[in-house]
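Now for the letters of each chain:
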Protein chains: 4
Amino acid sequence: MCKLTSCQYDRWKPKDDVMPEECGVFGIFMDDQRYDPAEAAYVGLYALQHRGQESAGIAVTDGKDVKFHKGMGLCSEVFKDNLGKLLGGHIGIGHVRYSTTGDSRAGNAQPLVMSYRGGRLALAHNGNLINSSVLRERLEEEGSIFQTTLDTEVMANLIARQSKEGILKAITAMMRVVKGSYALVIMTQDELIAVRDPLGIRPLALGKLDNNYVVASESCAFDAIDAEFVRDIRPGEIVVVNKNGLKSYQAQSSMETALCVFEYVYFARPDSDIDGISVYRSRENMGTRLAQAFPIEADLVSDVPDSATPAASGYAAESGIPYAKALAKNRYVGRTFIQPSQALRERGVKLKLNAMKRNVHGKRLILIDDSIVRGTTSRKIVEMLRLAGAREVHMLISSPPVVCPCFFGIDTPSHDQLIGSKNSVEEIRRIIGADTLHYLSIDDLLKTVEGAGCNFCVGCFNGCYPIDIRKALKETEQLDLKTIE
Amino acid sequence: MCKLTSCQYDRWKPKDDVMPEECGVFGIFMDDQRYDPAEAAYVGLYALQHRGQESAGIAVTDGKDVKFHKGMGLCSEVFKDNLGKLLGGHIGIGHVRYSTTGDSRAGNAQPLVMSYRGGRLALAHNGNLINSSVLRERLEEEGSIFQTTLDTEVMANLIARQSKEGILKAITAMMRVVKGSYALVIMTQDELIAVRDPLGIRPLALGKLDNNYVVASESCAFDAIDAEFVRDIRPGEIVVVNKNGLKSYQAQSSMETALCVFEYVYFARPDSDIDGISVYRSRENMGTRLAQAFPIEADLVSDVPDSATPAASGYAAESGIPYAKALAKNRYVGRTFIQPSQALRERGVKLKLNAMKRNVHGKRLILIDDSIVRGTTSRKIVEMLRLAGAREVHMLISSPPVVCPCFFGIDTPSHDQLIGSKNSVEEIRRIIGADTLHYLSIDDLLKTVEGAGCNFCVGCFNGCYPIDIRKALKETEQLDLKTIE
Amino acid sequence: MCKLTSCQYDRWKPKDDVMPEECGVFGIFMDDQRYDPAEAAYVGLYALQHRGQESAGIAVTDGKDVKFHKGMGLCSEVFKDNLGKLLGGHIGIGHVRYSTTGDSRAGNAQPLVMSYRGGRLALAHNGNLINSSVLRERLEEEGSIFQTTLDTEVMANLIARQSKEGILKAITAMMRVVKGSYALVIMTQDELIAVRDPLGIRPLALGKLDNNYVVASESCAFDAIDAEFVRDIRPGEIVVVNKNGLKSYQAQSSMETALCVFEYVYFARPDSDIDGISVYRSRENMGTRLAQAFPIEADLVSDVPDSATPAASGYAAESGIPYAKALAKNRYVGRTFIQPSQALRERGVKLKLNAMKRNVHGKRLILIDDSIVRGTTSRKIVEMLRLAGAREVHMLISSPPVVCPCFFGIDTPSHDQLIGSKNSVEEIRRIIGADTLHYLSIDDLLKTVEGAGCNFCVGCFNGCYPIDIRKALKETEQLDLKTIE
Amino acid sequence: MCKLTSCQYDRWKPKDDVMPEECGVFGIFMDDQRYDPAEAAYVGLYALQHRGQESAGIAVTDGKDVKFHKGMGLCSEVFKDNLGKLLGGHIGIGHVRYSTTGDSRAGNAQPLVMSYRGGRLALAHNGNLINSSVLRERLEEEGSIFQTTLDTEVMANLIARQSKEGILKAITAMMRVVKGSYALVIMTQDELIAVRDPLGIRPLALGKLDNNYVVASESCAFDAIDAEFVRDIRPGEIVVVNKNGLKSYQAQSSMETALCVFEYVYFARPDSDIDGISVYRSRENMGTRLAQAFPIEADLVSDVPDSATPAASGYAAESGIPYAKALAKNRYVGRTFIQPSQALRERGVKLKLNAMKRNVHGKRLILIDDSIVRGTTSRKIVEMLRLAGAREVHMLISSPPVVCPCFFGIDTPSHDQLIGSKNSVEEIRRIIGADTLHYLSIDDLLKTVEGAGCNFCVGCFNGCYPIDIRKALKETEQLDLKTIE
């Protein structure tokens, strides 16, 4: 079942110029003209902002022309002076992107807007293709040029090449070739199309605003514009919305789907439901299960704000130990904060988190966090709490240790920076200086999302990826681009 | 004891051009040159950012010259490209201001930097003078000009006029004349001076970074730069720090001091201690007392994020009713959000808060908030929760109804917009649509801050102000500016 | 000889989405590492800024990676905070673009940077292809996508498709297919390549900075970086510079070349030499010939600043009539000037030009301008001079009437806005209100550039274009993209 | 007659914190509401932009409130997004300031807007007081504070102190105390007031737009808004415009006035008339007189663009030697140009000026410039022309050598940087490398402005200042501020 018994990071590491894309996507087909697609997309992206703060973009069409604007920054900044010129039109799609690396470029902002044989096309993509580098090379050999480093551009080229018999056939052909995760929203001059990869690795949901269809990465975007959640887009499904209504096509299928379980642990917003499961409830449940698995005598349960708060609630309720804040968070940590000089940093400047001395002093503390990546932050927090007078600090993590990289869109650091890939739990405990350290088990984690309309990818926890990466790359290399259709 | 039996808003309303100043102040005298004052002030202001997001400013001196920079926006924005030019020097003061009205002006940013008989002077002020308009008129009659609408400029003029015998005498003379609240940080070319009004209405604390004295509106600013909290500046005290160390002068005294209780209810950061009381603990205690006073049968206790969270914790612990989130908050609500058009707004666009349907559906809900000002937000929240399926919504407020305006620095809306000033609790309940509505009593509120090193002003809850405003104005009018000293 | 006896504007009008590109290009191969290519490109573009103020861009390579930055605005604005990150490397190319239409887009800024089979490629183009729309369609049919509306992207796709046997063959193949004007600078990871179209319609020159080769639209860019002018790139020539030195290839040839004569009349900088002729001298000569052809009794010769100044000098010297300024120009007319309201505009607000009353009053005036496009400005100027007291205003134009559109890169307005295409000289005179109006004849104009190393295109003056547009389009439609190479 | 026989720079050098103010001022009283004062001020400042590019500001009143906006940069930049909020109202004044030093501050932008006993007041000032430092000290002793380093703030304080009997008396009293140059525009809530110093050192003119009075530093601002020039404001005159019309008061008088002759030489716009003399004509005349005084055998007369162009015209006409451009100027030299690195600068990068090789090669050249300050630019230009092949370069300056500093508002460098103060003409010639060098004599210069309605200050050329600075300072020190009125 496990396609890869151990993660062998270095061999299948994505090429340097291909960045993992943690993103949010949105699309709306406005049939009744009551609201403006650009405005709805703006509000939707605003609700999806937690999925990406690096860049934002919206493209709209009125059936004739396509207008778009995209830029670096939060969507409130990017569209501050630019939303007005996108008004009018009946279809709109939008995209926000997560800041994963420093060398992110303005040219990589989405949606990707282009002309092709069939007219104008705009694409917004969340996910990561594992064979995009090989596909780029193959397409370049055929004479294609690439102006970005986005997987989206690879998919766009594949679609354009196969578009002789229409966009639907082209998308189907593209899906046969690309391997990896994609929640893809496409806008033609008269259609809104949503595509989810056969494994359903990234979430994608369908909603309705009166008679107008909406798609979004998470259901919280529907709430934001007061649209109704209809259902999740199925793995391998293509949904086409036009003036005749909605049609669904099951372009690909997979025996076992593999939704990224990290969406529940950390990435998604707590008020979203994904594939039938409430993100908040699953996190609360992670805390409950931590309490059952690791009962600890303590005076206080607390959390590292903000994503671990529901798990801490769950632990407190299950254990009967009172919940209180151990750490105060500065709500005004902007993205442009000037780093203090060496002298002040050594001094221990506290910019984001501050220990609540009065709550912590003399107390035995249970601290819940969602994950430990490099360990640096955890070590600082434990130290800060001890200086504030905590008698004991017990660290509980609401997910298993991350031991392998993600190839499907979550930005995990390289192998040697991943504290979990080289150290035992006991070693990590010593590094971060906690009295005890416990992780939720994979089994317990999967129980918190039981009943979902899908299976899950836990590759980062055990190296079992839903795709045999080696095989997929080999197949792509042998592929004859001319014969696919 | 109550100086004013009922609030008579319209008669003593501050003149239109005098805005209430909700602010944060910071000052540091860097004796040992290990850290940079501008940088320390920046980090300190960063921690005080919750006290003011409209403008920020820092002034520093090296004993010869005074350099400063101030501008509109968060301190991370204002100093993004401008901190470097303030480096060097041995004293620094800083200021952040709250956005109270739309017509705020760049010219009103602080610190106020000026030349006077004694050299260069910079002032940063948190508070509100009730007799500043009269004093301005009196000073104008004497030939003074005013370039801002700040109370600070009035104080600066009074100090300059009385400065023949030194700054200390000048400040003492100024304190005899001005009436109201002030936590004032002053920088000369060789001294850092901190002044708190005789009633101690606004908080001001003293700290130490190694051998260097620091002052700040709240203790959380000390934690940020890893300074130690020493003590609160006393009401009526002047603290002077120079190269010879610290000296304290009790310039004025008052039988009953009157710290603003709203600092605990809403304004201060939970990890600060003010006059001996932990802000977080007092809020938790407000919840406990709400639970004791108003036991309600319900399935869930929740909060309106973020300042009501500790009170909700307190209620949950005391009542035994489980705590869970009923509302999800969008963490990326920037200050430049484009308001959606009428159509979308009527639709019920949810930008900041979203109901957690899964938690709320079918539940009897206790919702804790810190205050109700206009009632508009509360009504929307109750409606949102009902639409999400809440069976009952019980609203509990962790402070008494605000029935009177504040003359001492908290931005309360005008009388006719204040829902508590014209409506009974039952009427408010009906307006906001809650099943029940309860407010914490003044007595209970004061119990949550019992043991503090001060008395409290609860004027906004009962109209009993610590200063007889009418009398103060009359006295000021009759004052001979030439004879004070 | 004349390929088109009359201009038939409407039939061959370029498609709406293809904007004429009036641009400046620059490239440098820095063999000896003494100067930085990005910096040299910046200074070069600065000197070419008159050729385009809308957007600017620079791309550089160090042999491995390609870095680039481009944006809207003057190069001083675009690179203000962004030149530093381009430093290092050994090849650099740059581009400035003229603001021709309001709907210009950031995405259309050049250089176009891309990946293709051969690695990384950057292109900067000045000119206009007449068959680019057809070529785009043909390429789209083959599966290509287009992300800009630039001719450059068409050329890039053609090059990429033919690149199996190397870039030189690919460029040669591209040149066989595209029709129109192009001064093209290309950067690979190890070569700088300059290409001029077979007719030599746009200028392109070769220079040397010590041992390092430089190419630029005009020789003034060489002066700016203290490089030496070597020679003009020949029509149809490909120049390849790499670490082995320079090689030249005559890829295409044309019996009669056709340099755009408007470069001398208006577009180029006076201190540039193009194809052997000094721009300043040719303009002075236009004035001399105007004086010979149209001797007028007057008190004063003046010019519409700034490009007509040399012609006015020439007229004054030939006629003996003294030269003096009749119009003062505001040197601070920025691009962001707020248009005054209707009331003030009707009043006759003078933002850019002001009549010199003392010089003009009571005088018979000869006013030289380089061209009349719509006639609006000329009418205002004549009126302004009369109001300032001019007794007579004789308008002389240093070029013939523009009667036909340009298909090769000069931004002429549409047919119905072109005053010369619908009116006789006498009618124009009446419209602009001058006492007399004379244009330089085509023959006289060509005499001013006699001896140049090329022939000239005067299509906008007589409709005789150097390419049979109708035939070129038909050939392109019938072209089999698969067989060219 | 000469109040100071030699300039003794160091003794009376203005204090470091008092910057010379080279500025432009504008004011309008809009009686008939046909145009908007803010808009008119904007257009007026736009025409005066040559007098100051560092900062710009406008203040307007509608009789009740005063609104203003000011900022660093060109007026087109400063008001880009800010003019709209100033619309409405019936009086407006504006100010532009020249960039004289690097440490210019935003807080020093004008108009200075303030409240005083009489209501709201706004002041815009061009000029420089020689006794402002002493006056500041005296005012500080009386308890005044200063928030800027502007002379304007000194004048504002003096006016406020004397304002018991109205603004007119207050201004008169202020004029008795301040010594130096001032063209001052003042706005109260219902009056526009213009004041020119008794010596008339800075220009100030009165115009009319229909029935609405306008004042401006130069008449070109009237042309810009299509207002009519009425007359120059007289030295020592106060002009008061209100709804009852215009009243004039001769507050002070001086036997010999002293308009700054440098306004004609360099500072003013050529299309302005000042005190009856056309700036353009005077410059042309400077050229004529140079030709008469220094006949030189040469092939070409040229100019250093742009202010020396009329003088070069005059020389050419008088001498019969043809005029042609020797230097081309880059019209796009922005204020944010990034300085090239050392390597390129040593190479001789030409950013602003380029020699016209074809015109210059083998020629004997006469080059006219308006002045030589440090000599650095002149040396570079001569070198550039020789490298371009000039056989001889004869430099002629249309003003005498600057040997003394200016105390009245022109930004001359300190004594030791002034090439003319330490070197003979022959020594300067050698330094700049010219074949010959000649300056216009003071007598000849004064002839070019003969017939003006004023006398002239030529202090920078001969050290004879119109005010005995030593005496003025002593008098100010002995002044009793309480007794003036």
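Where an unreviewed UniProt entry is consulted, chain A appears under the name Amidophosphoribosyltransferase, with the organism given as Christensenella massiliensis. If you open the UniProt record of chain A and go to Catalytic activity (unreviewed entry), you find "5-phospho-beta-D-ribosylamine + L-glutamate + diphosphate = 5-phospho-alpha-D-ribose 1-diphosphate + L-glutamine + H2O". Entered under Sequence similarities (unreviewed entry) in the UniProt record, the comment concerning chain A runs "In the C-terminal section; belongs to the purine/pyrimidine phosphoribosyltransferase family."

Pulling in residues and values, what's your account of the overall build of chain A?
Looking only at helices and strands, chain A features 18 helices and 23 strands. Taken over 485 residues, chain A has a buried fraction of 61%. Once local pairs closer than 6 in sequence are excluded, the contacts in chain A between residues at least 24 apart make up 73%.

Now, about the relation of the copies chain D and chain C: what can you tell me, with residues and values included?
Placing chain D over chain C gives an RMSD of 0.0 Å and needs a rotation angle of 180°, together with 0.0 Å of translation along the axis. Such a combination of turn and shift is consistent with a two-fold rotation axis. Nearest to the rotation axis, the C-alpha of Arg331(D) is located 4.3 Å from it, this being the minimum over chain D. Most of the interface of chain D is mirrored in chain C: 98% of its interface residues are interface residues there too.

Go over the sheet that holds strand β11 (residues 228-232) of chain D, please, and point to the residues and values.
Residues and elements named next belong to chain D. Ordered by their spatial adjacency, seven strands build an open sheet running β3-β2-β4-β1-β10-β9-β11, and the pairing between neighbours is antiparallel. What marks the edges here is a single partner per strand, and that holds for β3 (66-72) and β11. Pairwise comparison of adjacent strand axes, ignoring direction, gives a mean angle of 15° for this sheet. Pairing geometry for strand β2 (residues 55-61) and strand β4 (residues 91-97), over seven bridges, is antiparallel. Opposite Ala-56, over in β4, you have Val-96 as the bridge partner.

Explain unusual backbone geometry residue by residue, including any values.
Each neighbour pair has its own omega, and for Gln110(B) with Pro111(B) the value is 0°, a cis peptide bond. With respect to the helices and strands, Pro111(B) occurs in the loop between β4 (91-97) and β5 (112-116). The phi dihedral of Asp226(C) is positive, around 65°, even though this residue is not glycine. Checked against the element boundaries, Asp226(C) lands in the loop between α7 (220-224) and β11 (228-232). By the C-beta count within 10 Å, which is 18 here, Asp226(C) ends up partly exposed. In this structure, Asp210(D) takes a positive phi of about 55° despite not being glycine. Of note, Asp210(D) is situated in the loop between β9 (205-209) and β10 (212-216).

A description of the sheet that holds strand β1 (residues 23-29) of chain B should follow, citing residues and the corresponding values.
Each strand in a sheet pairs with another by means of backbone hydrogen bonds, the pair being arranged parallel or else antiparallel. All names here are of chain B. Strand order across the open sheet formed by seven strands is β3-β2-β4-β1-β10-β9-β11, with antiparallel pairing between neighbours. The strands lining the two open edges of the sheet, one partner per strand, are β3 (66-72) and β11 (228-232). For this sheet, the mean inter-axis angle between neighbouring strands, taken without regard to orientation, is 15°. Relative to β11, strand β9 (residues 205-209) runs antiparallel, the two being bridged by four bridges. Looking at the pairing, Ala-205 lines up with Asp-232 of β11. Where helix α2 (residues 37-47) meets the sheet, its contacts fall on β1, β2 (55-61), β4 and β10 (212-216), and the angle it forms with β4 comes to roughly 25°.

Go over the interface of chain C and chain A, please, and point to the residues and values.
The interface of chain C with chain A comprises 16 residues on the first partner and 16 residues on the second. Contributions of two or more residues to the side of chain C that touches chain A are made by β5 (112-116), α4 (132-141) and α5 (151-161) of chain C. The class makeup of the residues in the side of chain C that touches chain A is seven nonpolar, five polar and four charged.

Which residues make up the environment of Arg231(A), and what values do they have?
Residue and element names in this part refer to chain A. Here Arg-231 is to be found in strand β11 (residues 228-232). Exposure remark for Arg-231: the 11 C-beta atoms within 10 Å place this residue in the exposed category. Sequence-wise, Arg-231 and Asn-462 are 231 residues apart; in three dimensions their C-alpha atoms are separated by 30 Å.

If you had to explain the packing of helix α4 (residues 132-141) of chain B against helix α5 (residues 151-161) of chain B to someone new, which residues and values would you point to?
Residue and element names in this part refer to chain B. The contact between α4 and α5 brings their axes to 10 Å, and the two run at 45°. What the angle tells us is that α4 and α5 run oblique. For the pair α4 and α5, the crossing hand works out as left-handed. On α5, the residues that touch Ser-132, Leu-135, Arg-136 and Leu-139 of α4 are Asp-151, Val-154 and Asn-157. Split into classes, the residues belonging to the contact of α4 with α5 amount to three nonpolar, two polar and two charged.

Help me get a handle on the interface of chain D and chain C, residues and values and all.
The interface of chain D with chain C comprises 57 residues on the first partner and 56 residues on the second. At the level of elements, α2 (37-47), α3 (75-78), α7 (220-224), α9 (279-293), α10 (309-319), α11 (342-347) and α12 (357-360) of chain D are the ones that each hand at least two residues to the side of chain D that touches chain C. Counting residues per element, the side of chain D that touches chain C draws most heavily on α2(D), at five residues. The class makeup of the residues in the side of chain D that touches chain C is 28 nonpolar, twelve polar and 17 charged.

Tell me about the UniProt feature "binding site: Mg(2+)" (unreviewed entry) in chain A, residues and numbers included.
Residue and element names in this part refer to chain A. When the UniProt feature table is mapped to this numbering, "binding site: Mg(2+)" (unreviewed entry) covers Ser-307, Asp-369 and Asp-370. Spatial clustering of the annotated residues is evident: they stretch over 64 residues in sequence, but the largest pairwise C-alpha distance comes to 7.8 Å. Position of Ser-307 among the secondary structure elements: in the loop between β17 (300-303) and α10 (309-319). Here Ser-307 falls in the buried class, since 21 other C-beta atoms lie within 10 Å of it. Not counting residues up to four positions away in its chain, the partners in contact with Ser-307 are Tyr-266 and Asp-370. In this structure, Asp-370 sits in the loop between β20 (364-369) and α13 (376-387). Those residues in contact with Asp-370 that sit more than four places away from it in its chain are Val-265, Tyr-266, Ser-307, Ala-308, Ser-398 and Ser-399.

I'd love a proper account of the pairing of strand β3 (residues 66-72) of chain C, names of residues and values included.
The side chains of a regular strand alternate between both faces of the sheet. Residue and element names in this part refer to chain C. Among the seven residues in β3, five count as buried, and that is most of the element. Here strand β2 (residues 55-61) pairs with β3 via seven bridges, running antiparallel. Residue Ala-56 lies in a different strand from β3, and its bridge partner there is Gly-71. Here β2 hands over to β3 after four residues, with Gly-63 in that stretch at a positive phi of 95°.

Talk me through the pairing of strand β12 (residues 237-242) of chain B; I want residue IDs and the actual numbers.
All names here are of chain B. In terms of burial, β12 is largely enclosed, as five of its six residues are buried. The pairing of strand β8 (residues 192-196) with β12 spans four bridges and is antiparallel. Of the residues in β12, the one forming a bridge with Leu-192 is Val-241. The pairing of β12 with strand β13 (residues 245-250) spans six bridges and is antiparallel. Directly across from Glu-237, in β13, lies its bridge partner Gln-250. Hairpin connection of β12 to β13: two residues between the antiparallel strands.

Explain the domain arrangement of chain A to me, and be specific about the residues and the numbers.
All names here are of chain A. Here chain A is described as being made up of domain 1 (9-258 + 473-478) and domain 2 (278-330 + 350-449 + 454-462). Computed over C-alpha atoms only, the centres of domain 1 and domain 2 are separated by 33 Å. Contacts between the two partners involve 21 residues from domain 1, matched on the other side by 13 residues from domain 2. When residues of the side of domain 1 that touches domain 2 are traced back to their parent elements, those giving at least two are α1 (9-12), β6 (119-129) and β7 (180-187).

Please give an account of the relation of the copies chain C and chain A that cites residues and values.
Between chain C and chain A, the superposition needs a rotation of 180° and an axial shift of 0.1 Å, giving an RMSD of 0.1 Å. A symmetric contact is evident, with 100% of the interface residues of chain C recurring at the interface of chain A.

Residue-level account of the environment of Tyr264(C), with values.
Residues and elements named next belong to chain C. Topologically, Tyr-264 is positioned in helix α8 (residues 262-267). With ten residues separating them along the chain, Tyr-264 and Ile-274 place their C-alpha atoms 8.3 Å apart. Not counting the four nearest positions on each side in its chain, Tyr-264 is found in contact with Ile-277, Val-279, Ser-282, Arg-283 and Val-449.

Cut-offs applied
- Residues numbered from 1 in each chain as written.
- Chains lettered and ligands numbered in written order.
- Predicted model: local features only at pLDDT ≥ 70, side-chain atom pairs only at ≥ 80, totals over all residues.
- UniProt positions renumbered as here; feature names shortened; annotations may be inferred.
- Helix = DSSP H or I, 4+ residues; strand = E, 2+ residues; numbered from the N terminus.
- Buried ≥ 20, exposed ≤ 12 C-beta atoms within 10 Å, placed from the backbone.
- Contact = placed C-beta atoms within 7 Å.
- Least-squares fit on C-alpha atoms with pLDDT ≥ 70 in both.
- Pairing = 2+ DSSP bridges.
- Axes fitted to C-alpha atoms, helices over the stretch in contact; angles between N-to-C directions.
- Nonpolar A, V, L, I, M, F, W, Y, C, P; charged D, E, K, R; others polar.
- Parallel < 35°, antiparallel > 145°, perpendicular 65-115°, else oblique.
- Left-handed = near helix turned anticlockwise from the far one by under 90°.
- Domains from an automatic or database assignment.

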